[in-house]
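Spelled out, the chains give:
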Amino acid sequence: MTAQQADLGDCPNCGATVPTGQLLIEYEAESGGGVWAECPDCSKVVDPQR
Ligand SMILES: [Zn+2]
């Protein structure tokens, strides 16, 4: 068992799970920030949703 997140979330475009290895950019925002990552399935740069 691990407390670490194994993935960034789900691709909003195709619904695939986006693993942490696909991370491109982390950004800060008033709402708490987020990440941009390349989806392993559709190859688009997306903001993964949990
Ligand atoms: Zn996708």
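Summarised in this report is the structure supplied together with it. The numbers attached to residues start from 1 for each chain and follow its sequence in the written order. Whole-chain, interface and lining totals are the exception, using all residues; otherwise, since this is a predicted model, local features are given only for residues with pLDDT of at least 70 and side-chain atom pairs are given and counted only at 80 or more. Each side-chain value is derived from all of the structure's non-hydrogen atoms; neither hydrogens nor water enter the calculation.

This part takes up the environment of Arg50. Secondary structure elements are taken from DSSP: a helix is a run of H or I of four residues or more, a strand is a run of E of two residues or more, and numbering for both begins at the N terminus. Mapped onto the elements, Arg50 comes out in the segment after strand 5 (45-46). Along the chain, Arg50 and Glu30 lie 20 residues apart, while their C-alpha atoms are 18 Å from each other. At a separation of 3.4 Å, a polar atom in the side chain of Arg50 contacts the main-chain carbonyl oxygen of Asp7. The term polar contact refers here to a pair of N or O atoms within 3.5 Å; inside protein, the definition further demands a hydrogen-donor-capable atom paired with an acceptor-capable atom, and it admits residues adjacent in sequence only when both atoms are side-chain atoms. A distance of 3.4 Å separates a polar atom in the side chain of Arg50 from the backbone oxygen of Leu8.

Of note, Cys39 is situated in the loop between strand 4 (34-38) and strand 5. Burial classification: accessible surface area is computed with a 1.4 Å probe over protein chains only, and a residue below 20% of its type maximum counts as buried, one above 50% as exposed, and the rest as partly exposed. Residue Cys39 is classed as buried on the basis of its relative accessible area of 1%. By definition in these notes, contact holds between two residues if any of their heavy atoms fall within 4.5 Å. In this structure Cys39 touches Cys11, Cys14, Ala16, Val18, Gln22, Lys44 and Val46, once residues within four positions along its chain are discounted.

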